[in-house]
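# Analysis of the macromolecular model
Okay, here's what each chain looks like letter by letter:
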Amino acid sequence: MTPPMPPQLARLPRSGSVPVPWTVQWSSGTEHVVQRDSGPVLVCTCKAGKGRPYFGTPCVNHQRRAMQERRCTICGTHVGSEQACTWPLADTGTRYYFEAPAHSECLAFALRSCPKLASIAHRSYVVEARDYTVWERRAIGTSPEGLVFEMTPLGEPPSGVVELFALTPIDPQFTPATQWLADHARAPH
Ligand SMILES: [Zn+2]
Ligand SMILES: [Zn+2]
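Given the structure is predicted, the values throughout are model-derived calculations rather than measurements.

If you tally the helices and strands in the protein, you get five helices and 12 strands. Expected size for 189 residues packed as a compact globule is a radius of gyration near 16 Å; at 17 Å, the protein falls within 12% of this value. Across its three principal directions, the C-alpha atoms of the protein cover 50 × 40 × 35 Å. In the protein, buried positions account for 32% of the 189 residues. Summarising the internal contacts of the protein: among those between residues at least 6 apart in sequence, 66% fall at separations of at least 24.

With that settled, consider unusual backbone geometry. Non-glycine residue R70 carries a positive phi angle of around 55°. Given 19 C-beta atoms within 10 Å, R70 falls into the partly exposed group. The backbone of D171 sits at a positive phi, close to 50°, despite the residue not being glycine. Position of D171 relative to the elements: it lies in the loop between β11 (161–170) and β12 (173–176).

Counting residues in each nonpolar core, the largest one holds 29 residues, and the members touching the most others are I74, C106, L107 and L167. At the level of secondary structure, the elements contributing two or more residues to this core comprise α2 (60–69), β7 (85–89), α3 (104–113), β8 (125–129), β9 (131–143), β11 and α5 (177–186). No other element matches α3, which puts six residues into this core. V20, C46, A48 and V60 belong to the second-largest nonpolar core, a separate cluster that totals seven residues.

As a further point, take the pairing of strand β5 (residues 39–44). Remark: a regular strand shows side chains that alternate across the two faces of the sheet. Across six bridges, the pairing between strand β4 (residues 31–36) and β5 is antiparallel. Bridging across to β5, V33 finds its partner in L42. Linking two consecutive strands that pair antiparallel, namely β4 and β5, is a turn of two residues.

A separate point is the environment of G93. With respect to the helices and strands, the residue G93 is situated in the loop between β7 and α3. Separated by 57 residues in the primary sequence, G93 and E150 place their C-alpha atoms 19 Å from one another.

We now examine the environment of P6. Relative to the helices and strands, P6 is located in the segment before α1 (7–10). When the C-alpha positions of P6 and A108 are compared, they lie 9.7 Å apart, and in sequence the two are 102 residues distant. Ignoring any residue separated from it by four or fewer positions in sequence, one finds P6 in contact with C75, E105, C106 and F109.

A few words on the sheet that holds β8. Pairing within the open sheet is antiparallel, and its three strands lie in the order β7-β8-β12. Two strands close off the open sheet at either side, each with one partner strand: β7 and β12. Mean inter-strand twist for the sheet, computed between neighbouring axes without regard to direction, equals 25°. One ladder, built from four bridges, connects β8 with β12; its direction is antiparallel. The residue bridging E128 from the neighbouring strand is Q173, located in β12.

Cut-offs used in this document
Residues numbered from 1 in each chain as written. Chains lettered and ligands numbered in written order. Predicted model: local features only at pLDDT ≥ 70, side-chain atom pairs only at ≥ 80, totals over all residues. Helix = DSSP H or I, 4+ residues; strand = E, 2+ residues; numbered from the N terminus. Rg over C-alpha atoms; globule rule 2.2 N^0.38 Å. Buried ≥ 20, exposed ≤ 12 C-beta atoms within 10 Å, placed from the backbone. Contact = placed C-beta atoms within 7 Å. Core = buried A, V, L, I, M, F, W, Y, C linked by C-beta atoms within 7 Å. Pairing = 2+ DSSP bridges. Axes fitted to C-alpha atoms, helices over the stretch in contact; angles between N-to-C directions.

Everything listed here is a matter of geometry and, on its own, says nothing about what the molecule does.
What follows is the structure, encoded as structure tokens:
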């Protein structure tokens, strides 16, 4: 059974018949560092819908905007302050989330229709929170293992290149994904 698609998802560019989440990077652009008044920032030049989508790789522009403006990682529209933010999660001990929040109806659709998410739903959790704290992940140097990152609260004086943002949910509630989906099917809101 194909679950009904929330209308805000029908407007997204597609890969085949699958709507491509708003924060996914596309092959039509590249990343480079620009100097801003606030310090160096990694920016991306991709155009959504142009080229191929890199599922699993966030566009740094859209990822930061979604984190900072409380936009849904899937549909790209605002998650209202009266609505819960939701995330799918494998490990409840995770401190920093690199996925922007999602509307519960967008996440429910993704959990039911995305083969990858559906296949791990039995061992995943859905996290719900009213709000979250935003962090900047900055590249501050290199080591033999690769780039070295530092997490700093949003807007602190610059050190290193601002790359992705991260967030920490405030007072999160964890529900096994299969149970959350069953509850959500009974009481959509
Ligand atoms: Zn991009
Ligand atoms: Zn959404």
